[in-house]
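Chain by chain, the residues:
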Amino acid sequence: MANLCKLHGWKVRETPRRVFDAVLFSNELDILDIRWHELSPYVSEFVLLESNSTFTGIKKDLHFKENRQRFEFAESRLTYGMIGGRFVKGENPFVEESYQRVALDQLIKIAGITDDDLLIMSDVDEIPSGHTINLLRWCDDIPEVLHLQLRNYLYSFEFFLDDKSWRASIHRYRTGKTRLFLWDVRFSQIDKHAVAAS
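Residues numbered from 1 in each chain as written. Predicted model: local features only at pLDDT ≥ 70, side-chain atom pairs only at ≥ 80, totals over all residues. Heavy atoms only, no water.

**Side note on the pairing of strand β2 (residues 19–25)**
Piece 1. Counting buried positions along β2 gives seven out of seven residues, so the element sits mostly inside the fold.
Piece 2. Residue alternation in β2 divides its side chains into two sets, Val-19, Asp-21, Val-23 and Phe-25 and Phe-20, Ala-22 and Leu-24, and both sets are buried.
Piece 3. In this sheet, strand β5 (residues 118–121) lies alongside β2 in parallel orientation, the contact comprising four bridges. Of the residues in β5, the one forming a bridge with Val-19 is Leu-118. (Buried < 20%, exposed > 50% of the residue type's maximum accessible area, 1.4 Å probe, protein only. Helix = DSSP H or I, 4+ residues; strand = E, 2+ residues; numbered from the N terminus. Pairing = 2+ DSSP bridges.)

**Observations regarding empty space enclosed by the protein**
Piece 1. Within the structure shown, the criterion is met by one cavity of 30 Å³ or more.
Piece 2. Here the largest cavity defines a volume of roughly 40 Å³.
Piece 3. Surrounding the largest cavity, Phe-55, Thr-56, Gly-57, Arg-86, Phe-87, Val-88, Glu-91, Asn-92 and Glu-96 form its lining.
Piece 4. A class-by-class count of the residues in the lining of the largest cavity yields three nonpolar, three polar and three charged. (1 Å grid on protein atoms, 1.4 Å probe; cavity = no way out; pocket = protein on both sides within 12 Å on 5 of 7 lines; lining within 4 Å. Points joined across faces, edges and corners; volume = space filled by probe spheres on them. Nonpolar A, V, L, I, M, F, W, Y, C, P; charged D, E, K, R; others polar.)

**Observations regarding helix α4 (residues 93–110)**
Piece 1. The end-to-end C-alpha distance of α4, which contains 18 residues, comes to 26 Å, matching closely the 26 Å that a straight helix rising 1.5 Å per residue would cover.
Piece 2. Listed in full, the buried residues belonging to α4 are Val-95, Glu-96, Glu-97, Ser-98, Gln-100, Arg-101, Ala-103, Leu-104, Asp-105, Leu-107 and Ile-108.
Piece 3. Among the residues of α4, the N-terminal cap falls to Asn-92, whose side-chain oxygen and the backbone nitrogen of Phe-94 are separated by 2.9 Å.
Piece 4. Where α4 ends, the next residue or the one after it, Gly-112, has phi of about 100 degrees, a positive value. (Expected span 1.5 Å × (residues − 1). Polar contact = N/O pair within 3.5 Å; in protein donor to acceptor, adjacent residues only side chain to side chain.)

**Section: the nonpolar core**
Piece 1. Leu-32, Trp-36, Leu-48 and Phe-64 are the most contacted members of the largest nonpolar core, which totals 30 residues.
Piece 2. For this core, the secondary structure elements donating two or more residues are β2, α2 (29–39), β3 (45–51), β4 (78–83), β5 and α5 (130–138).
Piece 3. If you tally residues by element for this core, the top one is α2, at four residues.
Piece 4. Counting 15 residues, the second-largest nonpolar core is a separate cluster that includes Val-47, Leu-104, Leu-107 and Met-121. (Core = buried A, V, L, I, M, F, W, Y, C linked by side-chain atoms within 4.5 Å.)

**Some remarks on the state of the cysteines**
Piece 1. Counting across every chain of the model gives one disulfide.
Piece 2. Each sulfur of the disulfide joining Cys-5 and Cys-139 lies 2.0 Å from the other. Here Cys-5 and Cys-139 share a disulfide; its torsion about the S-S bond, -95 degrees, makes the bridge left-handed. With Cys-5 in helix α1 (residues 2–7) and Cys-139 in strand β6 (residues 139–140), this pair connects stretches of sequence that are 134 residues apart. Of the two residues examined, Cys-5 and Cys-139, each falls in the buried class. (Disulfide = S-S within 2.5 Å.)

**Brief notes about the sheet that holds β3**
Piece 1. With mixed pairing, the six strands of this open sheet are ordered in space as β4-β3-β2-β5-β10-β7. Two strands in the sheet have a free side with no partner beyond their single neighbour: β4 and β7 (145–147). Taken pair by pair, the neighbouring strands of this sheet meet at an average axis angle of 15 degrees, ignoring direction.
Piece 2. Both β2 and β3 contribute to a ladder of six bridges, which runs parallel. In the strand pairing of β3, Asp-21 is matched with Phe-46.
Piece 3. Along the sheet face, α4 touches β2, β3, β4 and β5 and points at about 145 degrees away from the line of β3.
Piece 4. Where α5 meets the sheet, it contacts β2, β5, β7 and β10 (169–172), and its direction lies at approximately 150 degrees from that of β5. (Axes fitted to C-alpha atoms, helices over the stretch in contact; angles between N-to-C directions. Contact = heavy atoms within 4.5 Å.)

Okay, structure coming up:
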C-alpha cells in the first residue's frame with residue numbers, strides 16, 4: 001500500500017481510516033446488494049435511510065425493511081433509519097430529497113462518524129470500486145473532498161455508456177462542515193458550497 005500511496009504523492013498511514021457509506025434508499029435491492037458486497041471489506045459502517053415516500057411525494061413500501069434479512073452479512077455494521085414522507089403534492093422533488101438528506105445527515109452522526117473518517121456520498125447505483133476506497137483509507141494527506149470518476153452504464157452492466165460520471169464523492173469528515181448535498185429552492189440548484197469542506 002505504501003507504493004500506491006506514494007504514486008499519488010501521499011504518505012501511508014499506520015492504520016486505515018474508518019469508512020462510512022451513507023445512502024438514501026428507494027427500491028434498488030439488487031444494486032444495493034452489489035454495492036455492499038463490493039464495499040464490504042472496506043466499510044466500517046453502512047448507513048441507510050429509507051422513506052415511505054418517493055421524492056415526488058408518491059407513497060411507497062419500505063423495501064429495505066421488508067427485505068432486511070437479505071443483507072444479514074452487513075447487519076453488525078448497519079445503522080438503519082426510516083423517515084415518514086411529507087406528501088406535498090406539486091412540490092419540487094428536490095425539496096423532499098433535501099428533507100430526506102437532512103435526516104440522513106443526522107443518521108450519519110448517530111452511526112458514530114468522527115473527524116477524519118471517510119464518508120462516501122453517492123446514490124445507491126453510483127458504486128465506487130473497493131480498491132479505490134481501500135487506497136483512500138490507507139493514505140494520508142488525501143484531499144478533503146474527492147470526486148470519483150465512475151463508469152456510466154445504461155440499464156445493466158452489459159451496456160457501457162461512458163466514464164464521465166463525477167457525482168460520487170469521498171469526504172474526510174469534518175464536524176460542522178461536512179454535509180450531504182442540499183437543495184436550495186430559492187436558486188433551484190445544488191448548493192455546492194454547503195458540501196465542500198475547507
